[in-house]
Structure formats: structure tokens, C-alpha cells
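Report on the structure
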Amino acid sequence: NAGVTQTPKFQVLKTGQSMTLQCAQDMNHEYMSWYRQDPGMGLRLIHYSVGAGITDQGEVPNGYNVSRSTTEDFPLRLLSAAPSQTSVYFCASSYGRVTNGYTFGSGTRLTVV
Amino acid sequence: DAKTTQPPSMDCAEGRAANLPCNHSTISGNEYVYWYRQIHSQGPQYIIHGLKNNETNEMASLIITEDRKSSTLILPHATLRDTAVYYCIVGVGDSYDKVIFGPGTSLSVIP
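On a predicted model such as this, the values are computed, not experimentally measured, just so you know. (Residues numbered from 1 in each chain as written. Chains lettered and ligands numbered in written order. Predicted model: local features only at pLDDT ≥ 70, side-chain atom pairs only at ≥ 80, totals over all residues. Heavy atoms only, no water.)

**Considerations on the state of the cysteines**
- Following the criterion strictly, the structure yields two disulfides over all chains and no others.
- Between the sulfur atoms of C23(A) and its disulfide partner C91(A) the distance amounts to 1.8 Å. Between C23(A) and C91(A) the sulfur-sulfur dihedral comes to about -75°; the bridge is accordingly left-handed. Residue C23(A) is found in strand β3 (residues 19-25), and its partner C91(A) is found in strand β9 (residues 87-94); the two are separated by 68 residues along the sequence.
- Across the disulfide, C22(B) is cross-linked to C88(B) (sulfur-sulfur distance 2.1 Å). On the sign convention where negative means left-handed, the S-S torsion of about -80° between C22(B) and C88(B) marks this disulfide as left-handed. Residue C22(B) is found in strand β2 (residues 18-23), and its partner C88(B) is found in strand β8 (residues 84-91); the two are separated by 66 residues along the sequence. (Disulfide = S-S within 2.5 Å. Helix = DSSP H or I, 4+ residues; strand = E, 2+ residues; numbered from the N terminus.)

**So, the layout of surface pockets**
- In this structure, the largest pocket occupies an estimated 310 Å³ of space.
- Lining the largest pocket are 18 residues, and of these Q37(A), D38(A), P39(A), G40(A) and M41(A) lie nearest its centre.
- Of all elements in the fold, only β9 and β11 (108-112) of chain A together with β8 of chain B reach the threshold of two or more residues within the lining of the largest pocket.
- Taken together, the residues that form the lining of the largest pocket break down as eight nonpolar, eight polar and two charged. (1 Å grid on protein atoms, 1.4 Å probe; cavity = no way out; pocket = protein on both sides within 12 Å on 5 of 7 lines; lining within 4 Å. Points joined across faces, edges and corners; volume = space filled by probe spheres on them. Nonpolar A, V, L, I, M, F, W, Y, C, P; charged D, E, K, R; others polar.)

**Describing the sheet that holds strand β1 (residues 4-7) of chain A**
Residues and elements named next belong to chain A.
- Strand order in this open sheet of four strands is β1-β3-β8-β7, and the pairing throughout is antiparallel. Looking along the sheet, the strands with just one partner apiece sit at the ends: β1 and β7 (64-66). When the angles between neighbouring strand axes are averaged without regard to direction, this sheet yields 20°.
- Bridging between β7 and strand β8 (residues 76-78) involves three bridges; their strand directions are antiparallel. Paired with V66 across the bridge in β8 is L76. (Pairing = 2+ DSSP bridges. Axes fitted to C-alpha atoms, helices over the stretch in contact; angles between N-to-C directions.)

**Points about the environment of Q85(A)**
- The residue Q85(A) is located in the loop between β8 and β9 in this model.
- As for Q85(A) and G107(A), which are separated by 22 residues in sequence, their C-alpha atoms are 14 Å apart.

**Let's talk about the pattern of salt bridges**
- Across all of its chains, the model carries four salt bridges over all chains by this definition.
- The closest approach of N and O atoms between D38(A) and R36(A), which form a salt bridge, is 2.9 Å. Across this residue pair, the class does not change: D38(A) and R36(A) are buried.
- Across the pair R37(B) and D82(B) runs a salt bridge whose closest N-O atoms are separated by 2.8 Å. Note that R37(B) is positioned in strand β3 (residues 32-38) and D82(B) in the loop between β7 (70-75) and β8, a separation of 45 residues in sequence.
- For R37(B), a relative accessible area of 11% corresponds to the buried category.
- Look at D82(B) and you get buried, because its relative accessible area is 11%.
- Taken together, the shared-partner salt bridges in this structure form one network comprising R36(A), D38(A) and R44(A). (Salt bridge = Lys/Arg side-chain N within 4 Å of Asp/Glu carboxyl O. Buried < 20%, exposed > 50% of the residue type's maximum accessible area, 1.4 Å probe, protein only.)

What follows is the structure in C-alpha cells.
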């Protein structure tokens with residue numbers, strides 16, 4: 001049982017490049033979400049999914065796309081990276097409607113130059 | 001906007017109880033109070049949650065006031081490893097988009 005796995009752990013992109021941040025969980029959790037955390041700030045919700053085939057926007061969705069084709073995976077795509085997207089990205093998952101708490105991944109540290 | 005208010009920072013002596021307050025005066029009747037912590041740059045870790053009653057687990061205790069407008073997370077015997085940012089959030093179990101993390105409280109446990 002690996003929990004929530006995020007890859008890569010570190011990434012440097014040039015402005016305008018695209019990439020996909022991977023998130024996978026092996027706990028059969030229905031709910032998955034992506035947060036970003038800028039230095040000295042709290043976590044801001046980007047996108048979330050309440051099940052396979054269902055996604056919705058959070059607080060700061062612009063510049064990011066998501067899809068949820070399986071229960072296990074919830075990738076986050078940056079179509080054209082910008083320096084403002086330099087941040088630490090966390091993926092989280094939980095089970096059930098009355099959540100017993102989210103399980104977070106260890107994060108992806110992204111720098112856009 | 002975050003629906004909770006927490007002090008930005010607190011200190012606690014090692015071995016003493018750490019009491020972290022949180023105000024959530026606009027909490028709805030079906031919203032839970034959740035606490036998480038984030039040690040350095042790791043992913044946040046779930047601690048505890050509650051609706052009305054006080055709750056206790058192996059990590060901490062959660063005391064919710066009778067009017068539910070505020071709560072306190074208690075770490076009974078703080079250690080240096082408890083130094084972290086602690087987040088108090090409120091949310092409804094089936095409304096995940098409403099779960100907003102504010103800046104939290106930075107707790108420093110001092111030897």
C-alpha cells in the first residue's frame with residue numbers, strides 16, 4: 001500500500017513548455033484533488049474529482065487541465081507553463097462522503113524559468 | 001476565502017501541552033472541523049476531525065465549543081517533532097470544493 005504517489009518530485013520547465021504531473025493512489029479513494037502551495041502560503045485548490053469521469057474546478061484552475069479516466073490516477077497538465085506556476089504541487093485523496101481526512105502525496109516541486 | 005481564523009504563530013515548551021485555537025464563527029450545522037499539519041515542506045498530514053463532540057486520537061485532542069464557533073487542538077506533550085504549520089479547516093463531507101486551507105499556525109516547540 002503505497003498511498004498517494006506523485007511523480008516527478010522535482011521539475012524545471014522553460015516558459016511555454018507543457019508537462020503532466022502524475023498522481024496515483026492505491027487506496028480505492030473516490031475523491032482526488034490537486035493543490036498548489038507558494039512560499040509562505042497555505043494550500044490553494046486547483047482541480048478536484050469526486051470519481052472517475054468527473055472533475056471540477058477549485059480556487060485557481062486557470063492554466064491547468066485535469067482528467068480522471070480511472071479511479072487510481074488523476075494527472076495535472078500544464079499546457080503552456082508560465083513563471084507564475086512555479087510552486088509546490090500536492091495531490092490528495094480521500095474515501096467516502098464523510099471524509100476521514102485526506103491523504104497527501106509528498107509533492108512535486110516545479111520551477112518555470 | 002478561508003472560513004477559519006488562526007494565530008499566525010505560537011511557541012510551546014517541549015513536554016508541555018500545545019493548545020492551538022481556531023475561530024470558525026460562520027460554520028454551518030453540517031460542517032466538520034478538520035485539523036492537518038505540515039512539517040517543513042512535506043505533504044500535509046491529517047490529525048483529527050469532529051462535528052460537535054470532543055474527539056481524541058493517538059495524536060491529539062479536539063475541543064469544540066458548544067456553539068461550534070471555535071475549537072482548540074491540543075497536543076498533550078509537545079515534542080520537537082511537532083514543530084509544524086497547523087491548519088484548521090471546515091468543510092462538508094460531500095462538498096469537497098469548499099475545503100479551503102488558510103495560512104495556518106506555525107507552531108515552534110522549544111527545547
